[in-house]
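Topology and contacts: notes
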Amino acid sequence: MAEIKSNYILSSDEIKNNIRVFAGPGAGKTHFLVENIKNIIATNPKITSSKNRKVLCITYTNAAVDEIRRRLDRFSDTADICTIHGFIIDNIIKPFQDKLREIMMSDFAIEVKSKGIISSQIAGLGILHGVDKEKIYTFIKEKCYEDQAVSYSKKIMGEVQIDCKEYISSLRQNKTPHRILKGSKQINELHRKTIKEFVWSKVKKLTHDEILYFGYRILEENPLAVYYLRVKYPYIFVDEFQDTNPLQTLLIKLLCEKSSRCCVVGDLAQSIYGFNGAYPGDFENFKISDNDLDFAINGNRRSSANIVNFCNFLRQQDKRVVQENINEEVENNCIHILFGESQNVKTAISNLVLNGGVVLTRKWAAAFKYIDGIDSEQAQCLSAIYNSYFPTSISIRDEIVEHNNVTWVRAFKFIMQLWESYKNGDLAEVLSAFKLYGNVKYEVITPRLLLLLDSFLRKVFDNYGERTACEVIQKFNDEIDKEEYKSLKSLSDSDNFKIQIFDEQERAELIEAVSKLKWKTAYKLFNEVFTEKSKYMTVHQAKGLELETVLVAVMPIRDDRTNIAEMYAAPQIIGSEASNEFVRIYYVACSRAIKNLYIHIPEGCSQSDIEKSISLFEKEKGRTINIEFIS
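On a predicted model such as this, the values are computed, not experimentally measured, just so you know.

A tally of regular secondary structure across the protein gives 27 helices and 19 strands. Relative to the compact-globule value of 25 Å for 631 residues, the protein shows a C-alpha radius of gyration of 27 Å, a close match. Expressed along its principal axes, the backbone C-alpha trace of the protein runs to roughly 80 × 65 × 50 Å. Burial status across the protein gives 53% buried among its 631 residues. Residue pairs in contact within the protein that sit at least 24 positions apart in sequence constitute 76% of those at least 6 positions apart. Taken as a whole, the protein presents about 28700 Å² of accessible surface, with 46% of it coming from carbon and sulfur. Distance from the positive charge centre (84 side chains) to the negative charge centre (85 side chains) of the protein: 3 Å.

Set out below in structure tokens:
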């Protein structure tokens, strides 16, 4: 394997082959991608001689898409930068709708006769959002000749989808492909197919997994589609390849086994999306022909030498990438490892956050352990809310920060904004809060109405700190129905101005957990944890970021099948076991730090355990790691 730097430009001979680039955190992967795309666009005859051919770059997130597009600048017109889902929808699903319907019939015996484009579900929304469930019930009864009443929730009906894991597993074992639908055990198996038929033919939406499935199947069944894409995209770059779904890997291989050529860039040690179907072995074993080339970028421009060496300790099992600090300007502070829950440790963590440090946790609910004033009961409520959304396509953090689609989130956001504006005496912001539920009729505002609004808000927020957020919202609904405040309804063009908290399809467990959130907890959730500049993030959320000061607050859970002492004794970062993925999550968290790395270990490991392992690593590798232990 040849070692290169991030500014290395692939030669015309090298890009005649498929290429893997192994690059760790801070290595300059984006710089490498951008500069090589620019070079191909500017110099390669396959691109310069045709107005229709482009370079394709597939990356993992929309934020990464925007960043690469920004860096390409004027070259972006000759490059298509997109996520894998965006690529499949625009280049495979939409152009080949007849083949899509054909495969729906051949693979699942579902005939879709309706006209109109079948596309992807809207990000942040359930696939049945806005659909009257009674229409689904009627559809089931008519198709299944059902006499008994049907009463499935929209939530579980929306979860019926192709079992991609089962399909991929059958392919890996060289068995006859298993093409089945999965769904809740509460749904009669005969009804699953009918529900899916309704979604595909009436709603015309595909889940994220189904986009990958049909994208691959259309190419597999349609040589014309493969040929069309090979001609359009002679060169394909794939960023963060370690996070790709196996179906994406198969799709890329299909495109590049003949004329098109790919360059995949990734890091085995940062493969942390196993729950989304990513399989680290797909990058490790990725090979299209015997002429494939491998490169490694070992430089780290981000972190101090001390942090780079500690991260090398965690990834010592991986021989492909051994990072070197190449930024001497970064202050080389020692690493701080905090043991236990003493007041000394709590003070150190509080000071870290106060001075701009960021806390990284496994789940967002775990962040509340590091915020003053949140008790264990409230933390359990937050965990229950997290678990309610975990198996769905809805990111509750994104809903709170960016969207207002989830009913209870919109209700909480409204009441929080109303309270903030009222507290600050900001009339314009008070009225702006009402825009979440309709247009504000400014023409009806009079001095008398404003005095009435002030009186109303004083009652709504009386003793708010002693209540749950839901109780404050209910107080709003109760007061605005009273005769003395009815005229306030004229502020909005909404016909019946009441704040709905829950949709009828919400699970009882979620409703119970949200209803128990105290005002203080909810306020911190919306204004400290889930904000654009939050000091509390999950490791997955922070992936790709560079942070000056980081506290890694990540501990293994039972499903990880390891403990923190075992991890430090012999970190095994390569492999597909749960214990391997935990090490990778830990590694990704630590590698976000630029200058200051703090690690909190509440229990399960001693200072001597870590010193022994670090000392052995230092002797074997000739590297020094300075650590301060705090307890």
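Now that the structure has been shown, the text picks up again.
Another point: the packing of helix α6 (residues 133–144) against helix α9 (residues 189–203). Running from amino to carboxyl end, α6 crosses α9 at an angle of 120°, the nearest separation of the two axes being 10 Å. In this view, α6 runs oblique relative to α9, as classed from their interaxial angle. The two elements α6 and α9 cross, and the hand of that crossing is right-handed. Here Lys 135, Ile 136, Phe 139, Ile 140, Lys 143 and Cys 144 of α6 come into contact with α9, specifically with Leu 190, His 191, Thr 194, Ile 195, Glu 197, Phe 198, Ser 201 and Lys 202. Residue composition of the contact of α6 with α9, grouped by class: 7 nonpolar, 3 polar and 4 charged.

On to unusual backbone geometry. With phi around 60°, Asn 463 is a residue other than glycine that occupies positive phi space. On the secondary structure map, Asn 463 appears in the loop between α20 (447–460) and α21 (469–480).

Let us now look at the pattern of salt bridges. Summed over the entire model, instances satisfying the criterion amount to 41 salt bridges. As a salt-bridge pair, Glu 324 and Arg 623 come within 2.6 Å of each other at their nearest N and O atoms. You can see Glu 324 sitting in strand β13 (residues 324–325) and its partner Arg 623 sitting in the loop between α27 (607–621) and β19 (627–630), a full 299 residues away along the chain. Residue classification places Arg 623 among the buried positions, given a relative accessible area of 13%.

Within the secondary structure, Ser 119 sits in strand β5 (residues 119–120). Classification of Ser 119 by relative accessible area gives buried; the value is 13%. Ser 119 has contacts with Ile 89, Lys 94, Lys 204, Lys 205 and Leu 206, leaving out every residue within four places of it along the chain.

With parallel pairing, the 6 strands of this open sheet are ordered in space as β16-β15-β17-β18-β14-β19. Looking at strand neighbours, the two that pair on one side only are β16 (536–538) and β19, the edges of this open sheet. Averaged over all neighbouring strand pairs, the angle between strand axes comes to 25°, with direction disregarded. Here strand β14 (residues 335–339) runs beside strand β18 (residues 593–601); their pairing, made up of 4 bridges, is parallel. Bridge pairing in β18 links Phe 339 to Ile 601. Of the strands in this sheet, β15 (358–361), β17 (547–553) and β18 touch helix α26 (residues 578–590), which is tilted by about 135° from β18.

Among the 5 residues in strand β2 (residues 19–23), 5 count as buried, and that is most of the element. Every second residue of β2 is oriented toward a common face, with Ile 19, Val 21 and Ala 23 on one face and Arg 20 and Phe 22 on the other, all of them buried. Here β2 runs beside strand β11 (residues 293–297); their pairing, made up of 5 bridges, is parallel. Bridge pairing in β11 places Val 21 opposite Phe 295.

Take the nonpolar core next. Judged by nonpolar contacts, the single largest core of 112 residues is most densely connected at Phe 87, Phe 214, Phe 310, Tyr 568, Tyr 586 and Ile 599. With 8 residues, α26 is the single largest residue contributor to this core. For Tyr 586, the contacting residues outside a window of four places in its chain are Leu 314, Val 552, Val 554, Ile 564, Met 567, Tyr 568, Ile 599 and Ile 601. Core analysis: the next-biggest nonpolar cluster, separate from the first, contains 74 residues, Ile 394, Ile 396, Ile 415 and Ala 433 among them.

This part covers a nonpolar patch on the surface. Where nonpolar side chains cluster on the molecular surface, the patch consists of Leu 224, Tyr 227 and Val 231 and spans about 310 Å² of accessible area. Along the polypeptide, Tyr 227 turns up in helix α11 (residues 223–232).

Bringing helix α23 (residues 519–529) into the picture now. Buried residues of α23: Trp 519, Thr 521, Ala 522, Lys 524, Leu 525, Phe 526 and Val 529, and no others. Elements that come into contact with the buried residues of α23 comprise α16 (376–389), α17 (396–401), α18 (407–423), α21 and β16.

Conventions used here
- Residues numbered from 1 in each chain as written.
- Predicted model: local features only at pLDDT ≥ 70, side-chain atom pairs only at ≥ 80, totals over all residues.
- Heavy atoms only, no water.
- Helix = DSSP H or I, 4+ residues; strand = E, 2+ residues; numbered from the N terminus.
- Rg over C-alpha atoms; globule rule 2.2 N^0.38 Å.
- Buried < 20%, exposed > 50% of the residue type's maximum accessible area, 1.4 Å probe, protein only.
- Contact = heavy atoms within 4.5 Å.
- Areas by Shrake-Rupley, 256 points an atom, 1.4 Å probe, with all protein chains shown as cover.
- Lys, Arg positive; Asp, Glu negative; His and termini not counted.
- Charge placed at Lys NZ, Arg CZ, Asp CG, Glu CD.
- Axes fitted to C-alpha atoms, helices over the stretch in contact; angles between N-to-C directions.
- Parallel < 35°, antiparallel > 145°, perpendicular 65-115°, else oblique.
- Left-handed = near helix turned anticlockwise from the far one by under 90°.
- Nonpolar A, V, L, I, M, F, W, Y, C, P; charged D, E, K, R; others polar.
- Salt bridge = Lys/Arg side-chain N within 4 Å of Asp/Glu carboxyl O.
- Pairing = 2+ DSSP bridges.
- Core = buried A, V, L, I, M, F, W, Y, C linked by side-chain atoms within 4.5 Å.
- Patch = residues over 30% accessible without salt bridge, like charges linked within 9 Å, V, L, I, M, F, W, Y side chains within 5 Å.

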